[in-house]
Amino acid sequence: MLGALSACGGAQAAPESTFVLLDGSKQGTADMKGKVTLVNFWATSCVTCVAEMPKIISTYDKYKSRGYDTLAVAMGYDPPSYVVNFAQTRKLPFKVAIDNTGAVAKAWGDVTLTPTTYLVNKRGEIVKRYVGEPDFAALHLLIEKLLAES
């Protein structure tokens, strides 16, 4: 389970986890505070993941200057060389992490299906979870609403 529900509208705090990025650096859940962050669990072998990636890129490009971030988390079974190659050839403009132990997917509600995407507000709470490709028009409206919050 994703931890205790906060008092504010039933949103759940994003689970404490450490993301190991492709460049070897680490980012924790706490680093998301103050930004609206899309956390996308994906795999290079997942057809839907590959198909939705251009929309995730354009969403990132549209909102990044307003305090929006994206973190793409490759599943533990995805060979790191495939992930690196995908990130380079597709010129992914956001942070990409490899969950080589599966610990991050487990912490975020035992993610097994890809794509699974979470939208986290500025307070570090999960606002929405998508299994499969999100409705990007509705996602953009939600991002706009969350970016407007103080």
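Below or above, wherever it landed, is the structure these notes cover. Model, not experiment: these values are computed from the prediction.

On to the packing of helix H1 (residues 47-63) against helix H4 (residues 136-148). Two packed helices can be described by the angle between their axes and the distance between those axes. Where H1 meets H4, the axes come as close as 12 Å, and the angle between the chain directions of the two elements is 25°. When the axes of H1 and H4 are compared, the pair comes out roughly parallel. Between H1 and H4 lies a crossing of right-handed hand. In contact with Glu 52, Lys 55, Ile 56, Thr 59, Lys 62 and Tyr 63 of H1, H4 contributes Phe 136, His 140, Ile 143, Glu 144 and Leu 147. Counted by class, the contact of H1 with H4 contains five nonpolar, two polar and four charged residues.

Nonpolar side chains in soluble globular proteins tend to be buried together. Residues Phe 19, Phe 41, Trp 42, Tyr 68, Trp 108 and Leu 119 are the most contacted members of the largest nonpolar core, which totals 46 residues. Ignoring anything within four residues of it in the chain, the contact list for Phe 19 reads Ser 25, Lys 26, Gln 27, Gly 28, Thr 29, Met 32, Leu 71, Val 73, Ala 97, Val 104 and Trp 108.

Here the focus is helix H2 (residues 80-89). Among the residues of H2, those classed as buried are Val 83, Phe 86 and Ala 87. Along the axis of H2, the buried positions cluster into a sector of 95°, meaning they face one direction only. Looking at the buried side of H2, the elements it contacts are strand S4 (36-42), H1, strand S5 (68-74) and strand S6 (95-98). With its phi angle positive at about 50°, Lys 91 sits one or two positions after the end of H2.

This part takes up unusual backbone geometry. The step from Thr 114 to Pro 115 runs through a cis peptide bond, and the omega angle for that step is -5°. Looking at the secondary structure, you find Pro 115 in the loop between helix H3 (103-107) and strand S7 (116-120). The backbone phi angle of Lys 91 is positive, close to 50°, even though this residue is not glycine. Positionally, Lys 91 belongs in the loop between H2 and S6. Of note, the phi angle at Asp 110 is positive, near 55°, even though the residue is not glycine. Looking at where Asp 110 falls in the secondary structure, it is placed in the loop between H3 and S7.

About the cut-offs
- Residues numbered from 1 in each chain as written.
- Predicted model: local features only at pLDDT ≥ 70, side-chain atom pairs only at ≥ 80, totals over all residues.
- Heavy atoms only, no water.
- Axes fitted to C-alpha atoms, helices over the stretch in contact; angles between N-to-C directions.
- Helix = DSSP H or I, 4+ residues; strand = E, 2+ residues; numbered from the N terminus.
- Parallel < 35°, antiparallel > 145°, perpendicular 65-115°, else oblique.
- Left-handed = near helix turned anticlockwise from the far one by under 90°.
- Contact = heavy atoms within 4.5 Å.
- Nonpolar A, V, L, I, M, F, W, Y, C, P; charged D, E, K, R; others polar.
- Core = buried A, V, L, I, M, F, W, Y, C linked by side-chain atoms within 4.5 Å.
- Buried < 20%, exposed > 50% of the residue type's maximum accessible area, 1.4 Å probe, protein only.
- Arc of directions from axis to C-beta.

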